[in-house]
Every structure is written in C-alpha cells, then in structure tokens.
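The primary structure of each chain is shown beneath.
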Amino acid sequence: QARLHAGSVGCLGLLLAIGSCAPPEPAAVPVPESRDPDLRVGVLVNVRRATIGGGGGLRIEDPAEGDLQSIPAGASFDAVIRGANVTLLDTRGPVSRPVLVIEAADTGATLQLNGHDYRGALELRRSDSGLTVINRVPLEAYVAGVVGAEMGRRVHGEEEALKAQAVASRTYAVRNQGRWQARGFDLVGTANDQVYTGEANENDMATAAGAATRGQILTWNNQPIDAFYFSTCGGRTENGVAAFAGADRPYLQSVDDVDPSGTPWCVTSPRFHWTAGWTASELAATLRRTLAAENLPIGRASDLMDIRVIDRTRTGRIATLALAGRDGRTVVSGQAIRRVLSPADGGLLRSDDFTIRISRTGARIERVDIEGRGNGHGVGMCQWGAIGRARAGQDYRTILTSYFPGTEIQRLY
C-alpha cells in the first residue's frame, strides 16, 4: 500500500468551510436490528452530465410509475438536465422524468457511473444548478468503500487499524445521516464528509474489517459520537475546540500519541515531516485567491511585508497568524490558516503545526518556506497513529478508546 487519502481531512473534512463542526443532536442508539440501514450518498452533485452503464444490464425506473426501460449489458448513455427533468439520452429515444432510479438487472450486481462501479441503486434528480446522482447503498457496503479509500491498501499486521477506521467511519455515517437532507441525500462522497467512490476502493482487508466490526459504533452517553479522524498528528492530537467551533466534547481532548519510548505512533507517516514554499509572486497569487475565498481583505496579497505567529494552541499548533503589510494586517485563525496558506500546487496546507522562514532582499520578501509536522486538523483519531498502534499489537478497541477516551463501542445491528 502506498498512502492514505491525500490530506486525509477525514470525516471532518471541510465542515470548517461551512462554519460549524457540530451536527444536529442525534437520537439515542436504538435497539439492535437485523440488517444495516441504507444511506443516500451524493456521489455527483451539480454536474452537467453523467454517463451511466457500460457494465452489466440495467433497469430504469420512475419511483411513481415503476419500470420504464431495460438497458442491455455493455450499453451506456448520458444523463443530462432538460427543463425540470432528468433526461437519459438512450439511442432508442430519450427517457425523461423529474426523478429516475437506475438498478442492476441482476440482484446483487454493481452498476457503473462514469466508469466506476457502485453497489445498490443510483437515483438521478435535478439539483439547484445541475444534475445530482445519489447512490442508495447499504451502510456496510459504504463502510467497506470508505475504509479502502481512507486507509488505502494495508498489509498483514495492520488489520486492527482498519477495524478502528471501520468503526469510526460507521459512527460518522450514523451520526451525520441526514446532514444534507435539504439537498436530497445524507452524505457526500468527498472529504466534506468521507471519501467514497463506490466499489473502486474496496479491498479484501477493508471488507474484512467492516465485517469483523459489523454494526459497531462509538457512543458517549448512549449517543453516536463525532468520530473525527485525520492522517497524522505528529505525536499529540488537538483539542476539538482549538480546531473547530462547536467541537467541545469530553472525548475530543488532546492526547499524547507516543509509544512507551516517547516515539510518536505515527512516525512512519510520509507526512510526519513536510515542507512547503512560495516565491513572492506565487504567494501573492495564492493570497489573492484564498483571502477572497475566506471573505478577508486581499490587500495583503500585494503589500505583504511579514508573516507573524500571534499565538499557538496548547499542543503547539498555530492558533492565530498575522499577515502584516504597509497598510495594516490581516489576522487568520484556526483551520482557515491551512486554507489561506494553500501550497503552490493547490489544496490545504498539510497542518497548522509549522515554523516559517522568510527570505528577503532588503525589506522585500523574496521567498517564504515552511517546515511542518503532521497532516490534517489533528482532532480525534490519527490514522497513521492507529497503524503504528496496530503494528505494536493493540486491538481496535484499545486504539479507539485511546483517541476517544471515555467512549464505548455499541452494536446497532
């Protein structure tokens, strides 16, 4: 296996972009049932076109009318929006309805969307600015796909880390079911929730981890927890409130994440140490884009004279940063720091645990370089730490309660 999901913002993902990490209070954990519930995952949201088929045979349905048409194996067609309807551009004539459901002709078979295989069914509907495709999939199939996507292909001896990820991912899904209800689905298939691309990222170890923990979730006071996770902590996780407003949870407290010798459990992560850098022109271009996206004044993009750390959290991560210029300064706080100081190649800065080196000619900045540690927001479970713990013989229950102290594992079904 090569890597974890790049920048694994994990389950918290970009909730920071919408201003709150606290979902609505969930109901108490129900009495265990016999089967896993279905999820509605927005796998394509507000797109212009999607290609359906190319694999096995398909069945097209209207939820109100029933079966409309069958598509033979190997055939494919595009879906677009025409007026108020979703239209399938089949060679035998278009099929057009407000909502269409695509299922595999053979029970249990997968179906293809843009060349990727998905389990369950696909629901196509008009959204506010295009076409949305929703994968209606059983929770356990979803978990297998998420574990494979978030943890990649692992090796023997790391099974307990995958089990810990399966429980965390299942907990996140249960806790946040209905988060995007107004848009017609529960979760999205990106790092805004959890990375999910259907069957493509399933593998034998991820599937086995899901099966071994089937129905299990983490709870606090008999309720599903906010099971945040991320790639690499660098030796200590972060307090929830230090990273995200509203994440004041007893089980989201900073914990030392080191082995008995004092070595961080995540030391083998390829992002344990990292660097980033910008020339003056690259940084100006970055700031023009990122400050505007954060609704901050973009003046510092053209007159930046210094970057100063105002304060750090108790774990040493930067809490507040000032961009100083001739005409004043712009203050950036929390996870916005990672978005504003976006690497030259795009995306988020790996973490907010870093030091800054500025190269100058006179008073003019020529280059800014950063040396950092860790990858992600730092709250909850460290994925590479979980791998290190599993290699040392810890089981998934120990791993999870180390990162979420005081929680319990309960079985939903």
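As a reminder, the structure under discussion sits directly above these lines.
Reading guide: rules and limits
Residues numbered from 1 in each chain as written. Predicted model: local features only at pLDDT ≥ 70, side-chain atom pairs only at ≥ 80, totals over all residues. Heavy atoms only, no water. Helix = DSSP H or I, 4+ residues; strand = E, 2+ residues; numbered from the N terminus. Buried < 20%, exposed > 50% of the residue type's maximum accessible area, 1.4 Å probe, protein only. Contact = heavy atoms within 4.5 Å. Areas by Shrake-Rupley, 256 points an atom, 1.4 Å probe, with all protein chains shown as cover. Lys, Arg positive; Asp, Glu negative; His and termini not counted. Charge placed at Lys NZ, Arg CZ, Asp CG, Glu CD. 1 Å grid on protein atoms, 1.4 Å probe; cavity = no way out; pocket = protein on both sides within 12 Å on 5 of 7 lines; lining within 4 Å. Points joined across faces, edges and corners; volume = space filled by probe spheres on them. Nonpolar A, V, L, I, M, F, W, Y, C, P; charged D, E, K, R; others polar. Phe/Tyr/Trp six-rings, centres within 6.5 Å; stacked < 30°, edge-to-face > 60°. Lys NZ or Arg CZ within 6 Å of the ring centre and 35° of its normal. Axes fitted to C-alpha atoms, helices over the stretch in contact; angles between N-to-C directions. Left-handed = near helix turned anticlockwise from the far one by under 90°. Salt bridge = Lys/Arg side-chain N within 4 Å of Asp/Glu carboxyl O. Pairing = 2+ DSSP bridges. Polar contact = N/O pair within 3.5 Å; in protein donor to acceptor, adjacent residues only side chain to side chain.

Can you help me understand the overall build of the protein in this one?
Check the secondary structure of the protein and you find nine helices and 24 strands. Dimensions along the principal axes, computed over C-alpha positions, put the protein at roughly 70 × 50 × 35 Å. Burial statistics for the protein: of 413 residues in total, 54% are counted as buried. Residue pairs at least 24 apart in sequence account for 67% of intrachain contacts in the protein once pairs closer than 6 positions are excluded. Surface accessibility of the protein: about 17,200 Å² in total, with carbon and sulfur atoms responsible for 48%. In the protein, 45 side chains carry a positive charge and 45 a negative one; their mean positions are 5 Å apart.

What should I look at first to understand the side chain of Arg 339 in this one?
By the secondary structure assignment, Arg 339 is in helix H7 (residues 336-340). Taking the relative accessible area as the measure of exposure, Arg 339 reaches 17% and is therefore buried.

Teacher, can you tell me more about empty space enclosed by the protein here?
If a probe the size of a water molecule is rolled over the atoms, the empty space left behind becomes visible. Under the definition given, this model contains one cavity of 30 Å³ or more. Size it by volume and the largest cavity reaches roughly 40 Å³. Glu 238, Ala 242, Ala 243, Thr 313, Arg 317, Ile 318, Ala 319, Gly 334, Gln 335 and Asp 352 are the residues that line the largest cavity. A per-class count over the lining of the largest cavity returns four nonpolar, three polar and three charged.

Help me understand the packing of aromatic side chains in this model?
Centre distance and the angle of the planes are the two values used to describe a pair of aromatic rings. On inspection of all chains with the given rule, the structure shows three aromatic pairs. Judged by centre distance (5.1 Å) and plane angle (50 degrees), the ring pair of Tyr 142 and Tyr 196 falls under tilted. With a gap of 54 residues between them, Tyr 142 in helix H1 (residues 139-151) and Tyr 196 in the loop between strand S13 (187-188) and helix H3 (204-212) connect regions that are remote in the sequence. Residue Tyr 196 is classed as buried on the basis of its relative accessible area, which comes to 3%. Ring centres of Trp 220 and Tyr 251 lie 5.8 Å apart, and the angle between their planes is 50 degrees; this geometry places the pair in the tilted category. Of the two residues, Trp 220 is situated in strand S14 (residues 216-220) and Tyr 251 in the loop between helix H4 (240-243) and strand S17 (273-279); the sequence distance between them amounts to 31 residues. The class for Tyr 251 is buried, based on a relative accessible area of 4%. Cluster of aromatic residues (ring-pair linked, three or more members): Tyr 118, Tyr 142 and Tyr 196. Above the plane of the ring of Trp 384 lies Arg 154, whose end atom (NZ or CZ) is 4.9 Å from the centre. Directly above the ring of Tyr 403 sits Arg 389, whose terminal nitrogen or CZ lies 5.0 Å from the centroid.

How should the packing of helix H2 (residues 159-176) against H3 be read in this particular structure?
Following both chains from N to C, one finds H2 and H3 inclined at 65 degrees, their axes separated by 8 Å at the closest point. Like other packed secondary-structure pairs, H2 and H3 cross with a definite hand, here right-handed. Between H2, through Glu 159, Leu 162, Lys 163, Ala 166 and Arg 170, and H3, the contact on the second element is made entirely by Met 205, Ala 206, Ala 209, Gly 210 and Ala 212. Residues belonging to the contact of H2 with H3 are distributed by class as follows: six nonpolar, one polar and three charged.

Sorry, what's going on with the pattern of salt bridges here?
Once the charged atoms of two side chains with opposite charge are near each other, the side chains can pair. Evaluation of the coordinates by the stated rule reveals 31 salt bridges. Two residues, Arg 40 and Glu 123, come together in a salt bridge whose shortest N-O distance is 2.7 Å. Residue Arg 40 is located in strand S1 (residues 38-47), and its partner Glu 123 is located in strand S11 (residues 121-127); the two are separated by 83 residues in the primary sequence. Note on Arg 40: relative accessible area 24%, which makes it partly exposed.

Hey, could you run me through the sheet that holds S1 in this one?
Taking strand neighbours across the sheet as the criterion, the seven strands line up as S4-S3-S8-S11-S12-S1-S13 in an open arrangement whose pairing is mixed. With partners counted over all chains shown, the strands left at the sheet margins are strand S4 (66-71) and S13, one partner each. Direction of pairing for S1 relative to S13: parallel, over a ladder of two bridges. Within S13, the residue paired with Val 41 across the bridge is Leu 187. Docked against the sheet, H1 engages S1, strand S12 (130-138) and S13, running at close to 105 degrees with respect to S12.

What exactly am I supposed to notice about the sheet that holds S14 here?
The strands making up a sheet associate through hydrogen bonds between their backbones, and the pairing can be parallel or antiparallel. Read across the sheet, three strands follow the order S15-S14-S24 without closing on themselves; strand pairing throughout is antiparallel. Every other strand in the sheet has two partners, leaving strand S15 (223-224) and strand S24 (408-411) as the edge strands with one partner each. Note: S14 against S24, four bridges, orientation antiparallel. For Gln 216, the partnering residue across the bridge sits in S24 and is Arg 411.

Could you clarify how one ought to interpret the side chain of Gln 383 in this entry?
Summarising the element assignment, Gln 383 is placed in helix H8 (residues 383-391). The exposure class assigned to Gln 383 is buried, which follows from its relative accessible area of 0%. For Gln 383, the side chain forms a polar contact with the side chain of Glu 150, separated by 3.5 Å.

I keep staring at the pairing of S12 and nothing clicks. Help me out?
Looking down a regular strand, the side chains alternate between one sheet face and the other. With seven of its nine residues buried, S12 lies for the most part within the structure. Where S1 lies against S12, seven bridges are found, and the strand directions are antiparallel. Of the residues in S12, the one forming a bridge with Leu 39 is Val 137. The pairing of S11 with S12 spans seven bridges and is antiparallel. Note that in S12 the partner of Ser 127 across the bridge is Gly 130. Counted between consecutive antiparallel strands, the loop separating S11 from S12 contains two residues.

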